[in-house]
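Close look at the chain arrangement
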Amino acid sequence: ARPRVVVVGGGYGGATAAKYVRMWSDGGIDVTLVDPNPSFISCPLSNLVLGGSMQLADLTLGHDGLARKHGVRLLRDTAVAIDAEKRTVKLASGATLPYDRLILSPGIEFLWNQLPGMRAPGARDRILHAWKAGPQTTALRAQLEAMPDGGVYAMTVPPAPYRCPPGPYERACQVAHYFSRSKPKSKVLLLDANEDVVSKGALFKKIWKDRYAGIIDYRPSFRTADIDAGANTAISELGDRVRADVLNVVPPQGAGAIAVDAGLANANGRWCGVDFVTFESTAARHIHVLGDAIQVSPLMPKSAHMANQHAKVCAAAVVDLLSGRAPEPKPMLTNTCYSFVSDRDVIHVASVHAYDADRKTLLVVPGSGGVSAAANETEGVYAMSWARNIWADTLA
Ligand code: FAD
């Protein structure tokens, strides 16, 4: 019988892994991809929906190319339990899938227990995160549109590590861009749990000063300890209260629940440790973990680009392991994150990460990568090309 690979999660990591296991095994390995979502909605570019220059429909794609072109079996279902001994995955529908290798790319779970006020009835329907692109993205845009001019939009940024280090700062630019055009008396308050801007700091701060002075108010070290949902108010660890007309709470994060429940979150109970040569879990054999759910190596961001790279290293290793070959011993990965600071001007950060066999981790290659000199339109064109390329690489 042909070896069987089950992939849980059809986002950036999982969909890429499913495609590449099929391609690199020349169809010799059966691949089943499990995800409850009827479509793939891209988080990258979703801040532009808030800024008003894109629609969610522009970011909504299908998984069907994986089945049609690559022979991946698609199951619209949710994995609810993993038996690592028997090598089976149980699905919400009741079915059980056996595997030789399991690949998990479940993304993130929000740690709501760290914000008790968000348990109030209706709080999470009204106070949005929009940190998983989908209905919340369009709902947050609608809240911004409904806000009267002169209002305040506040966003809480969780302590790092979280999904997409530059994402909150890009979002602040997008909302400020919209306000500057349509509601010039309005304000953006960025309540950041971190001591400083986590990514592209000097560039973002210059843009806020040059383009959005008087609109964006950046408050570092504002560690949100709770939310008073009834009063639309964020409360800091020190007891400071900040009320907003539109409050956007991005909670602290950990690995997707299925990985945590399977006992794979062996880094602080939050993230999943992996062997960076194969992306096999360090907590269970024959199970690989990718994307935002992993405990990252130094300076590795939780990004779609990185999840795509994890997926390719993992897919190659899985094909090798199931064919009785040793995996490539020294993987090398790249990352690029573009951020739109208006509807067309963009900045980027790039890095290269090479495996260090002595330290058993991926380390940034000295002198590689870097950041933009300044925001510019040319990189706006590159950023759109990046998105079209990664969508094709993931899904087509
Ligand atoms: P996801 O892409 O979230 O995929 C996880 C999938 O797993 C989901 O489809 C989910 O339905 C499924 N799933 C979860 N649990 C189960 C289960 N039990 N059973 C079945 N399926 C399950 N990155 C960039 O590189 N560039 C950017 O410009 C960029 N911009 C961003 C902007 C914003 C506003 C945000 C929020 C993120 C951005 N990112 C960007 C980060 C990027 O979205 C993530 O790093 C990336 O999605 C991680 O991929 P993943 O496979 O780990 O998770």
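Model, not experiment: these values are computed from the prediction. (Residues numbered from 1 in each chain as written. Predicted model: local features only at pLDDT ≥ 70, side-chain atom pairs only at ≥ 80, totals over all residues.)

With that settled, consider the overall build of the protein. Within the protein, the regular secondary structure consists of 10 helices and 25 strands. Over its C-alpha trace the protein gives a radius of gyration of 21 Å, about what one expects of a compact globule, namely 21 Å for 396 residues. C-alpha atoms of the protein, sized along the principal axes, occupy 65 × 45 × 40 Å. Counting across all 396 residues of the protein, residues that qualify as buried make up 46%. (Helix = DSSP H or I, 4+ residues; strand = E, 2+ residues; numbered from the N terminus. Rg over C-alpha atoms; globule rule 2.2 N^0.38 Å. Buried ≥ 20, exposed ≤ 12 C-beta atoms within 10 Å, placed from the backbone.)

Reading across from one edge, β6-β7-β8 is the order of the 3 strands in this open sheet, with antiparallel pairing throughout. The outermost strands of the open sheet, each flanked by one partner alone, are β6 (79-83) and β8 (96-98). The average undirected angle you get between the axes of adjacent strands in this sheet is 20°. (Pairing = 2+ DSSP bridges. Axes fitted to C-alpha atoms, helices over the stretch in contact; angles between N-to-C directions.)

Below, the discussion takes up the UniProt feature "domain: Flavocytochrome c sulphide dehydrogenase flavin-binding" (unreviewed entry) in the protein. Within the UniProt annotation, "domain: Flavocytochrome c sulphide dehydrogenase flavin-binding" (unreviewed entry) is assigned to residues 329-395. Taken end to end, residues 329-395 has its terminal C-alpha atoms 27 Å apart, with 28% of it in helix and 39% in strand. (UniProt positions renumbered as here; feature names shortened; annotations may be inferred.)

Take the environment of Asp393 next. For Asp393, the location among the structural elements is in helix α10 (residues 377-395). In this structure the C-alpha to C-alpha distance between Asp393 and Lys69, which are 324 residues apart in sequence, comes to 12 Å.

Turning our eyes to something else, we now look at the packing of helix α1 (residues 12-24) against α10. The geometry of α1 relative to α10 is characterised by a closest axis approach of 7 Å and an angle of 55° between their N-to-C directions. On the basis of the axis angle, α1 is oblique to α10. Seen from α1, the contacting residues are Tyr12, Ala15 and Thr16; seen from α10, they are Asp393, Thr394 and Leu395. (Parallel < 35°, antiparallel > 145°, perpendicular 65-115°, else oblique. Contact = placed C-beta atoms within 7 Å.)

Here we take up helix α9 (residues 304-322). For α9, with 19 residues, the first-to-last C-alpha span of 26 Å sits near the 27 Å given by 1.5 Å per residue. Burial analysis of α9 places 14 of its 19 residues in the buried class, which makes it a mostly covered element. Looking one or two places after α9, you find Gly324, whose phi comes out positive at around 75°. (Expected span 1.5 Å × (residues − 1).)

Let's shift gears to the sheet that holds strand β14 (residues 224-228). With antiparallel pairing, the 3 strands of this open sheet are ordered in space as β14-β15-β16. On the outer flanks of this sheet lie β14 and β16 (241-243), each paired with one strand and no other. Neighbour to neighbour, the strand axes of the sheet diverge by 25° on average, direction disregarded. In this structure, β14 lies alongside strand β15 (residues 233-236), joined through 4 bridges in antiparallel fashion. In the sheet register, Asp228 faces β15, and the bridge partner there is Thr233.

Our next topic: the pairing of strand β24 (residues 361-364). Relative to β24, strand β23 (residues 346-356) runs antiparallel, the two sharing 4 bridges. For Tyr355, the partnering residue across the bridge sits in β24 and is Leu362. Between β23 and β24, which follow one another and run antiparallel, lie 4 residues, and Lys360 among them has a positive phi close to 50°.

What follows covers the environment of Asp228. By the element assignment, Asp228 lies in strand β14. Taking C-alpha positions, Asp228 is 42 Å from Val352, a pair spaced 124 residues apart along the chain. If sequence neighbours within four positions are ignored, Asp228 has contacts with Gly117, Thr233 and Ile235.

What follows is about the pairing of strand β1 (residues 4-8). For β1, the buried fraction is high: 4 of the 5 residues fall into the buried class. As paired strands, β1 and strand β2 (residues 30-34) are joined by 5 bridges and run parallel to one another. Each bridged residue has a counterpart across the sheet, and for Val5 the counterpart in β2 is Val31. In the classification by handedness, the crossover that spans β1, the intervening α1 and the parallel β2 is right-handed. (Right-handed = clockwise from strand over helix to strand, strands pointing away.)

Turning our attention to unusual backbone geometry. In this chain, Ala160 is followed by Pro161 through a cis amide linkage whose omega measures 0°. With respect to the helices and strands, Pro161 occurs in the loop between β11 (152-157) and α6 (167-182). Phi angles above zero are rare outside glycine, and Asp26 is one such case at about 50°. Along the chain, Asp26 falls in the loop between α1 and β2.

Because an α-helix packs 3.6 residues into every turn, residues spaced three or four apart end up facing the same way. If you check α6, its first and last C-alpha atoms are 22 Å apart, about what 16 residues at 1.5 Å a residue would give, namely 22 Å. Where burial is concerned, most of α6 is hidden: 13 out of the 16 residues are buried.

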